[in-house]
Amino acid sequence: MFRSQLVSIFFILSFALSPVFGDFDQMQLVLTWPPTYCHEKSCARIPTNFRIHGLWPDNQHELLNNCKKSFTTITNSSKSNALDDRWPDLKYSKMKTIQTQDFWKYQYNKHGTCCTELYSQEAYFDLAMKLKDKFDLLQMLKSQGVIPGKTYTVNKIEEAIREVTQVYPNLNCIGNPLKTMELKEIGICFNREATEVVACHRRKTCNPLNKNEISFPL
């Protein structure tokens, strides 16, 4: 009897202390460098500036994914055009991206639905575009002497971002670590309200084994 009561109490406490599904305390804006992305994928277009991959709500306990499926097709043409400028599906033309909206639907259903307690679908996409415009990564890197077409140490790229944001970014690369890896994505984390840059819960970086350098390709 006593043992069963202890088990019940433990179960209740475990449930109470576990992270709430969909509860988030941070937003990560993940930006893709198109030339690198298109080395892996067949692209219909290759912009020469960073583009949005996604805006991912998260908490300190776990990654938040697929909270529900509730994407509503965006019918406002000015909004869909603005989204395509910042958040294109590089595998397809602008016309097809806006017609199908598959990339936006996938990202919203997987990530955006995990922050609906604070951001409606429209607010979610508006926030992603606002943050993208506010943090122009290409200009940020150029201002610190990091330009496309050259190789740099991981530390150089991280410090270039930190110089502006005051916080280290997340980095994602592709390629063989024994050779020259390519910079694919940069993630910047914000507090829940997206009013300030914060340290990401799960720091991610590139780990090349060849002189610790990575390529920032054209």
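Provided above is the structure to which this section pertains.
Keep in mind that what you see is a predicted model, and the values were worked out from it rather than measured.

### Section: the side chain of threonine 113
Phase 1 of the analysis: One can find threonine 113 in the loop between helix 5 (102-110) and helix 6 (121-134).
Phase 2 of the analysis: The exposure class assigned to threonine 113 is buried, which follows from its relative accessible area of 3%.
Phase 3 of the analysis: A polar atom in the side chain of threonine 113 sits 2.8 Å from the backbone oxygen of asparagine 109.
Phase 4 of the analysis: Residues contacting threonine 113, with those up to four places away along its chain left out, are Cys67, Lys68, Ser70 and Tyr108.

### Things to note about the packing of helix 5 against helix 6
Phase 1 of the analysis: Running from amino to carboxyl end, helix 5 crosses helix 6 at an angle of 105°, the nearest separation of the two axes being 12 Å. What the angle tells us is that helix 5 and helix 6 run roughly perpendicular. Each of Trp104, Gln107 and Tyr108 in helix 5 lies in contact with helix 6, whose residues at this interface are Gln121, Tyr124 and Phe125.

### Focus on the layout of surface pockets
Any space left empty among the atoms is revealed by the rolling of a water-sized probe across them.
Phase 1 of the analysis: In this model, the largest pocket occupies a volume close to 400 Å³.
Phase 2 of the analysis: Lining of the largest pocket is provided by 24 residues; of these, Gln28, Val30, Trp56, Leu63 and Lys204 occupy positions nearest its centre.
Phase 3 of the analysis: Those elements that provide at least two residues to the lining of the largest pocket are strand 1 (26-32), strand 2 (51-58), helix 5, strand 4 (170-174) and strand 5 (181-191).
Phase 4 of the analysis: Per-class residue counts for the lining of the largest pocket are nine nonpolar, ten polar and five charged.
Phase 5 of the analysis: In this structure, the second largest pocket is lined by 13 residues; those nearest its centre are Thr32, Tyr37, His53, Lys91 and Phe103.
Phase 6 of the analysis: No other element matches the three residues that strand 2 contributes to the lining of the second largest pocket.
Phase 7 of the analysis: Within the lining of the second largest pocket, the residues separate by chemical class into five nonpolar, two polar and six charged.

Cut-offs used in this document
- Residues numbered from 1 in each chain as written.
- Predicted model: local features only at pLDDT ≥ 70, side-chain atom pairs only at ≥ 80, totals over all residues.
- Heavy atoms only, no water.
- Helix = DSSP H or I, 4+ residues; strand = E, 2+ residues; numbered from the N terminus.
- Buried < 20%, exposed > 50% of the residue type's maximum accessible area, 1.4 Å probe, protein only.
- Polar contact = N/O pair within 3.5 Å; in protein donor to acceptor, adjacent residues only side chain to side chain.
- Contact = heavy atoms within 4.5 Å.
- Axes fitted to C-alpha atoms, helices over the stretch in contact; angles between N-to-C directions.
- Parallel < 35°, antiparallel > 145°, perpendicular 65-115°, else oblique.
- 1 Å grid on protein atoms, 1.4 Å probe; cavity = no way out; pocket = protein on both sides within 12 Å on 5 of 7 lines; lining within 4 Å.
- Points joined across faces, edges and corners; volume = space filled by probe spheres on them.
- Nonpolar A, V, L, I, M, F, W, Y, C, P; charged D, E, K, R; others polar.

From the geometry alone we can't say anything about function, so treat these as descriptive.
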